[in-house]
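Structural features, examined
Below, each chain spelled out in residue letters.
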Amino acid sequence: MLNTGSSRTRLPLPWLLSLLAAASLAGCRPEPTVEGNTPPTPPAAETPAVPTTAPATTAGTPAPPAGTVSISMSEDPYQFTPTTAMVAPGATVTWTNPTDDPHTVTSDPGTPAGGPNSDARYPDGFKQGQTYTWTVPADASAGMTWHYYCRFHGKPGDGKARGTGMAGSLTVK
Ligand SMILES: [Cu+2]
């Protein structure tokens, strides 16, 4: 490269020969080398990939609005735990029975229609290890309350208040 430049200004013929020699070499190497040196640009293109991850995390944060509510059952005395729970419209409520005896989630008479009721699925109550799942109506309004009780270990209320014994309630928040 240096020889080519210096010979150009002095002797035309040697310059032509050196040019041809350089061209033959250049035809094989310099151009591919130049293209090979081009890659420094791609690393800059990889940088935008990092900011892409951040927005995805931010968008995933406000995801759990409805959520899931888990209610268990305990013994001595039998009761729903928690006894009362706040639920969001569209939330999934799951009752699990870890006790030896079967239980029911039966809506109190007088409580809003469409409330939780395991009797259709488990006429004889759901046994140890079984679960009953109910979804809060999506159009349920805040403050709406369903009272329920276990037919074997509790008694229903009057529709305005929770019953006695094994009884619970859900209120829409
Ligand atoms: Cu029970």
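Residues numbered from 1 in each chain as written. Predicted model: local features only at pLDDT ≥ 70, side-chain atom pairs only at ≥ 80, totals over all residues.

Right, let's talk about the overall build of the protein chain for a bit. Per the secondary structure count, the protein chain includes five helices and eight strands. Its helices and strands taken in sequence order, the protein chain reads α-α-α-α-α-β-β-β-β-β-β-β-β from the N to the C terminus. The buried share of the protein chain, taken over its 173 residues, is 23%. Here the contacts in the protein chain between residues at least 6 apart in sequence split such that 59% fall between residues at least 24 apart. (Helix = DSSP H or I, 4+ residues; strand = E, 2+ residues; numbered from the N terminus. Buried ≥ 20, exposed ≤ 12 C-beta atoms within 10 Å, placed from the backbone. Contact = placed C-beta atoms within 7 Å.)

A few words on the sheet that holds strand 4 (residues 92-96). Taken together, the four strands give an open sheet; going across it, the order is 2-1-4-6, and neighbouring strands pair in mixed fashion. On the outer flanks of this sheet lie strand 2 (79-81) and strand 6 (131-135), each paired with one strand and no other. Each strand of the sheet is rotated relative to its neighbour by a mean of 25°, with strand direction disregarded. Relative to strand 6, strand 4 is paired through five bridges, and the arrangement is antiparallel. Note on strand 6: the bridge partner recorded for Thr96 is Thr131. (Pairing = 2+ DSSP bridges. Axes fitted to C-alpha atoms, helices over the stretch in contact; angles between N-to-C directions.)

Turning to the environment of Gly159, a few remarks are in order. Here Gly159 shows up in the loop between strand 7 (145-155) and strand 8 (164-172). C-alpha separation for the pair Gly159 and His147, spaced 12 residues apart in sequence, amounts to 6.9 Å. Not counting residues within four places of it along the chain, the set of residues in contact with Gly159 comprises Asp108, Pro109, Gly110 and Thr111.

Quick look at the sheet that holds strand 5 (residues 106-107) now. Strands in a sheet are paired, the pairing made by backbone hydrogen bonds, and the direction either parallel or antiparallel. The mixed open sheet is built from four strands, whose spatial order is 3-8-7-5. Because the sheet does not close on itself, it has two edges, and the strands there are strand 3 (84-87) and strand 5. As paired elements, strand 5 and strand 7 share two bridges and run antiparallel to each other. What sits directly across from Ser107, in strand 7, is Tyr148.

On average, residues of the protein chain carry a pLDDT of 77, and 62% of them reach 70 or more. This stretch, residues 1-11, has a pLDDT under 50; its non-local contacts, to residues over four places away or in other chains, come to eight contacts. (pLDDT = per-residue confidence, 0-100.)

What follows deals with unusual backbone geometry. In this structure, Pro77 follows Asp76 across a cis peptide bond, with omega equal to -10°. Cis geometry is adopted by the peptide bond preceding Pro82, which originates at Thr81 and carries an omega value of 0°. Tracing the backbone through its elements, the reader meets Pro82 in the loop between strand 2 and strand 3. Positive phi is not limited to glycine here, since Asp76 has a value of about 55°. By the element assignment, Asp76 lies in the loop between strand 1 (68-74) and strand 2. C-beta crowding within 10 Å serves as the criterion here: with 6 such atoms nearby, Asp76 is assigned to the exposed category.

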